[in-house]
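Below are the chains, spelled out letter by letter.
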Amino acid sequence: MSADKNLLSKLAVGDKHGEDSPYFDGWKAYDNNPFHPDHNPQGVIQMGLAENQLCSDLIKEWIKANPQASICTAEGIDGFSDIAVFQDYHGLKQFRQAIAAFMERARGGRVKFEEERVVMSGGATGANETLMFCLADRGDAFLVPTPYYAAFDRDLSWRTGVRLIPVECNSSNNFQVTKQALESAYLNAQETGIKIKGLILANPSNPLGTSLNKETLQTLMDFINDKQIHLVCDEIYAATVFAEPGFISVAEMIQEMDHVNRDLIHIVYSLSKDMGLPGFRVGVVYSYNDAVVTCARRMSSFGLVSSQTQSFLAAMLSDKIFVDNFLKEVSKRVAKRHLVFTEGLKEMGVSCLASNAGLFVLMDLRQMLRDQTFESEMSLWRIIINKVKINISPGSSFHCSEPGWFRVCFANMDEDTLQIALQRMKSFVVRDKENKNCNNKKRKSFQENLKLSFSSKMYDDHVRSPRLMSPHSPLVRT
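As the structure is a prediction and not an experimental result, all values here were calculated from the model.

*Asks:* Before we go on, may I ask you to explain the overall build of the protein chain in this structure?
*Replies:* Within the protein chain, the regular secondary structure consists of 17 helices and 13 strands. Considered along the principal axes of its C-alpha atoms, the protein chain spans approximately 120 × 60 × 60 Å. Across the 478 residues in the protein chain, those meeting the buried criterion constitute 51%. Taking contacts inside the protein chain between residues at least 6 apart in sequence as the whole, the part at least 24 apart equals 74%. Within the structure as shown, the protein chain displays about 23500 Å² of accessible surface, and the carbon and sulfur contribution to it stands at 52%. Side chains of the protein chain give 54 positive and 56 negative charges; the mean places of these two sets differ by 8 Å.

*Asks:* Can you walk me through the packing of aromatic side chains in this structure?
*Replies:* Aromatic rings considered in pairs are described by the distance between their centres and by the relative angle of their planes. Scanning the model with the defined rule gives 18 aromatic pairs in all. For the pair F113 and Y286, a centre-to-centre distance of 4.9 Å together with 90 degrees between the ring planes defines the contact as edge-to-face. Residue F113 is located in the loop between α6 (93–106) and β2 (118–122), and its partner Y286 is located in strand β8 (residues 282–287); the two are separated by 173 residues in the primary sequence. Residue class for F113 comes out buried when judged on its relative accessible area of 5%. Between F175 and W405 the ring centres are 5.5 Å apart and the planes differ by 85 degrees, which places this aromatic pair in the edge-to-face class. Pair noted here: F175 is in the loop between β4 (163–167) and α9 (179–191) and W405 is in strand β13 (residues 405–409), with a separation of 230 residues, a long-range link. Looking at F175, the relative accessible area reads 3%, which means it is buried.

*Asks:* For this particular structure, what's the right way to read the sheet that holds strand β10 (residues 360–364)?
*Replies:* Where strands meet in a sheet, backbone hydrogen bonds hold them as pairs that are either parallel or antiparallel. The strand order β9-β10-β13-β12 describes an open sheet built from 4 strands, whose pairing is antiparallel. Both edges of this open sheet fall to β9 (351–352) and β12 (393–394), since each of them pairs with a single strand only. Direction of pairing for β12 relative to β13: antiparallel, over a ladder of 2 bridges. Bridging across to β13, S393 finds its partner in R407.

*Asks:* I'm lost on the nonpolar core in this one. Help?
*Replies:* Core analysis: the largest hydrophobic core is formed by 150 residues, its most contacted members being M47, L143 and M275. The element contributing the most residues to this core is helix α14 (residues 320–347), with 8 residues. Excluding its chain neighbours within four sequence positions, the residues that come into contact with M275 are I59, F102, M316, L317, F322 and F326.

*Asks:* Just checking my understanding: could you explain the pattern of salt bridges for this structure?
*Replies:* Side-chain pairs of opposite charge can arise where the charged atoms are in close proximity. Tallied over the full model, the rule gives 21 salt bridges. D371 serves as the salt-bridge partner of R370, at 3.8 Å between the closest nitrogen and oxygen. Its relative accessible area of 59% is what places R370 among the exposed residues.

*Asks:* Whenever I open this one, empty space enclosed by the protein confuses me. Can you help?
*Replies:* Enumeration according to the criterion identifies 1 cavity of 30 Å³ or more in this entry. Approximately 50 Å³ is the volume found for the largest cavity. Every residue along the wall of the largest cavity is listed here: M47, F341, L345, M363, I390, I392, V408, A421, L422 and M425. At the level of secondary structure, the elements contributing two or more residues to the lining of the largest cavity comprise α14 and α16 (415–464). With 3 residues, the top contributor of residues to the lining of the largest cavity is α16.

*Asks:* I'm lost on the UniProt feature "domain: Aminotransferase class I/classII large" (unreviewed entry) in the protein chain in this one. Help?
*Replies:* If you check UniProt for "domain: Aminotransferase class I/classII large" (unreviewed entry), the listed places come out as residues 45–424 in our numbering. With 41% helix and 15% strand, residues 45–424 has its two end C-alpha atoms placed 10 Å apart.

*Asks:* When you look at helix α13 (residues 307–317) in this model, what are you seeing that I'm missing?
*Replies:* Note on helix geometry: an α-helix contains 3.6 residues per turn, so any two residues three or four positions apart are oriented the same way. The buried count for α13 comes to 9 of 11 residues, which makes it a mostly enclosed element. S307, T309, Q310, S311, F312, L313, A314, M316 and L317 are the residues of α13 that are buried. In this structure, the buried side of α13 is in contact with α4 (56–65), α5 (80–84), α6, β2, β8 and α14.

*Asks:* For this particular structure, what's the right way to read the confidence of the model for the protein chain?
*Replies:* The predicted coordinates of low-pLDDT regions are not to be read in fine detail. When pLDDT is averaged along the protein chain, the result is 89; 91% of the residues meet or exceed 70. Every residue in residues 465–478 is under pLDDT 50, and counting partners more than four places away or in other chains gives 8 contacts.

*Asks:* Explain unusual backbone geometry here, please?
*Replies:* Most peptide bonds take the trans configuration, and most residues that are not glycine carry a negative phi. A cis geometry characterises the amide bond from T146 onward to P147, with omega recorded as -10 degrees. Take P147: it is sitting in the loop between β3 (141–145) and α8 (152–157). We note that R281 has phi near 50 degrees; this positive angle belongs to a residue other than glycine. Checked against the element boundaries, R281 lands in the loop between β7 (265–270) and β8.

*Asks:* Hey, could you run me through the packing of α4 against α14 in this one?
*Replies:* If you want to describe how two helices pack, look at the angle between their axes and the distance between the axes. One can describe the packing of α4 onto α14 by two numbers: an axis separation of 10 Å at closest approach and a directional angle of 160 degrees. In terms of orientation, α4 lies roughly antiparallel with respect to α14. In terms of crossing hand, the pair formed by α4 and α14 is right-handed. Along its contact with α4, which presents D57, L58, I59 and W62, the element α14 presents F322, F326, E329 and R333. For the contact of α4 with α14, a count of residues per class yields 5 nonpolar, no polar and 3 charged.

*Asks:* Looking at this model, I keep getting lost on the pairing of β2. Mind explaining?
*Replies:* One face of the sheet, then the other: side chains in a regular strand alternate in exactly this way. Counting buried positions along β2 yields 4 of 5 residues, so the element is predominantly enclosed. As defined by bridge partners, β2 adjoins β8 across 5 bridges and the pair is classed as antiparallel. Within β8, the residue paired with V118 across the bridge is Y286.

*Asks:* When you look at the sheet that holds β7 in this model, what are you seeing that I'm missing?
*Replies:* With respect to topology, 7 strands assemble into an open sheet ordered β2-β8-β7-β6-β5-β3-β4, the strand pairing being mixed. Looking at strand neighbours, the two that pair on one side only are β2 and β4, the edges of this open sheet. Here the average twist between neighbouring strands, direction ignored, is 25 degrees.

What counts and what doesn't
Residues numbered from 1 in each chain as written. Predicted model: local features only at pLDDT ≥ 70, side-chain atom pairs only at ≥ 80, totals over all residues. Heavy atoms only, no water. Helix = DSSP H or I, 4+ residues; strand = E, 2+ residues; numbered from the N terminus. Buried < 20%, exposed > 50% of the residue type's maximum accessible area, 1.4 Å probe, protein only. Contact = heavy atoms within 4.5 Å. Areas by Shrake-Rupley, 256 points an atom, 1.4 Å probe, with all protein chains shown as cover. Lys, Arg positive; Asp, Glu negative; His and termini not counted. Charge placed at Lys NZ, Arg CZ, Asp CG, Glu CD. Phe/Tyr/Trp six-rings, centres within 6.5 Å; stacked < 30°, edge-to-face > 60°. Pairing = 2+ DSSP bridges. Core = buried A, V, L, I, M, F, W, Y, C linked by side-chain atoms within 4.5 Å. Salt bridge = Lys/Arg side-chain N within 4 Å of Asp/Glu carboxyl O. 1 Å grid on protein atoms, 1.4 Å probe; cavity = no way out; pocket = protein on both sides within 12 Å on 5 of 7 lines; lining within 4 Å. Points joined across faces, edges and corners; volume = space filled by probe spheres on them. UniProt positions renumbered as here; feature names shortened; annotations may be inferred. pLDDT = per-residue confidence, 0-100. Axes fitted to C-alpha atoms, helices over the stretch in contact; angles between N-to-C directions. Parallel < 35°, antiparallel > 145°, perpendicular 65-115°, else oblique. Left-handed = near helix turned anticlockwise from the far one by under 90°. Nonpolar A, V, L, I, M, F, W, Y, C, P; charged D, E, K, R; others polar.

Below is the structure:
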């Protein structure tokens, strides 16, 4: 083994990928025993994957009505030769135009995006890593408010060597990031000789399922502008917002904040969450910095979106009627599924962090912990995975500062599977409460018996000990 290791790079033999985290371990547990209503009804239900399967029927309907959109159909075969030949890494012009227009519509038409600034990448994973390569050198660091997306450690750090510095947030204010926390993390990093190159945000947040309000965004943008560090905003859940305060993009904010240096602002987007197309691997880097756009485009050669995919999506996203209806339905269906799931949890006495976006909730199981430690959180997680047969993600894998929070995804399954998951969870919660009540009764009974025994002993000692008798006692006189 040591000889083999010497033949490979440090990256190849290292353990920085993060595959050994509970976040990925849960996926492995599902892969080894996947639930199926007919073939494996006792299998693990996957609720650790933030995937949007709620609107795939709308896309299928569009494909049936527009067969010419694909070069692999009789109706679209005439475009095959033009698409199958070599394409420049800038990407198809019609694709970049369609992506820019879709990003505008996903933000309510309140902001404009330039097609020249749209850079392709292999999903948001590739887009995030590309920005790290463009903005920082190995050993440099970015601040990231907690809890944050579990795979950021892999996506942003594994190959780039960039460090992530957690900015601790807590449940006392629903995990909202504060200027004080940012300043503290920034100062601590400087005092230890770490060079901070920027701030990374996910808005809407994964795993919180919340969007940042205007005041918070202003604070964050003033912070990065004062420090002259970068702001990378991952906005891949922009269209999943279903309740107030709504979604405000950093692209909107810089229209109002003229004093902010636009060269510091960068957006990551994809079609994986809003459209439910993670398999298409469509990621986007959108930067207001010309040098970053140029560098990112050169680097995109290593993770291009296939021309066939570009061509198909350009046709679909250019259909304004379809896009507008799709975006309305996404919000409506996510809201409905969120309500069904959270109400189901509420009936069994389980609460979640109040949320208004995303394909998941942050479930509060602190009352089910043996004690308020991360060891207890991991013990509970293993029971849920192995006994309840549901894959959910523990908060510690998202660098949550408090034990007992779990991210649970609800949009990657049909309604029947969701109800089965809720029933399993209910049975587990009820059983846990019964066990605790039973233990409490036993403890109370033991304490009462102990108290009674102690009182009895005190009485016996009082009766039998001459030292405790009154000198006027008939027993003494006797």
